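So you can see what is in the structure, the chains are spelled out below.
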Amino acid sequence: MFFDDERSNRLRPQILTELVGEYMNDVERAKLYGLPETTRIRQRAKIVSPENLKIGEHCWIGEGAVLDASGGLEIGEHTSIGLNTLVFTHSSWLANMTLQNHSGSDLIERKPVKIGKGCFIGGLVVIMAGVTIGDFATVQPNSVVAKDVPPRSLVAGNPARVFQRYDEEYIAGEVERVRAENERRRELSAERGQDSSGWGAPSGDFRPEAPPSE
């Protein structure tokens, strides 16, 4: 049975969009939601109030993530949101405390969230309403972010706190290290007759061979 009331008719287009999206790949799904063509949004990810979401190019949204944009959500370019991560921009806490948690309650509080560019948000992270995460920040998996995160920092825990800060020189060193290791693996793959044409690092066991025992 389908209800023919204002709320049901308002919610149903979004429900149908999500249903159709489950049969698409990540790029097709992003286009369906009206996101930039370079965005990839994986299966079972949900966007609440997508009209209030502002997202940059080359973003990745993992499986099962929930992006609540009802209070305003901005995500910068080249940012990844991990699997099953929850981003909240509203709270019904006061409505619960006063037994006024009915649909349309005037005690719902909304605060915007801003996630900067070049951020890595791990899986199973919870980001609370009103938080700003600076550019190039890293949030480790299973963290609860209740306060602002400085740019170029790594945070973890519940509540999340800063464990590391890094600058452009550190990142440049990591880029050099990873590219050199990936090149070494590709060369070894070629020597082994394996296909090394894929993106990133070839998979397999590339540990240095142990010296022969005497």
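To start, this report covers the structure provided alongside it.

Basis of the calculations
- Residues numbered from 1 in each chain as written.
- Predicted model: local features only at pLDDT ≥ 70, side-chain atom pairs only at ≥ 80, totals over all residues.
- Heavy atoms only, no water.
- Buried < 20%, exposed > 50% of the residue type's maximum accessible area, 1.4 Å probe, protein only.
- Helix = DSSP H or I, 4+ residues; strand = E, 2+ residues; numbered from the N terminus.
- Pairing = 2+ DSSP bridges.
- Disulfide = S-S within 2.5 Å.

**Topic: the pairing of strand S17 (residues 153–156)**
- Alternating residues of S17 divide into Ser153 and Val155 and Leu154 and Ala156, and every residue in both groups is buried.
- The pairing of strand S15 (residues 138–139) with S17 spans 2 bridges and is classified as parallel. Along S17, the bridge assignment pairs valine 139 with valine 155.
- Note: S17 against strand S18 (residues 161–165), 4 bridges, orientation antiparallel. Opposite leucine 154, over in S18, you have glutamine 164 as the bridge partner.
- Between the antiparallel neighbours S17 and S18 lie 4 residues, among them glycine 157 with a positive phi of about 105°.

**Brief notes about the state of the cysteines**
- Applying the stated criterion to the full structure yields 0 disulfides.
- Here cysteine 59 is not disulfide-linked; the sulfur of cysteine 119 is the nearest cysteine sulfur, at 9.4 Å.
- Overall, the relative accessible area of 0% leaves cysteine 59 in the buried class.
- Take cysteine 119: its relative accessible area is 3%, and that puts it in the buried class.

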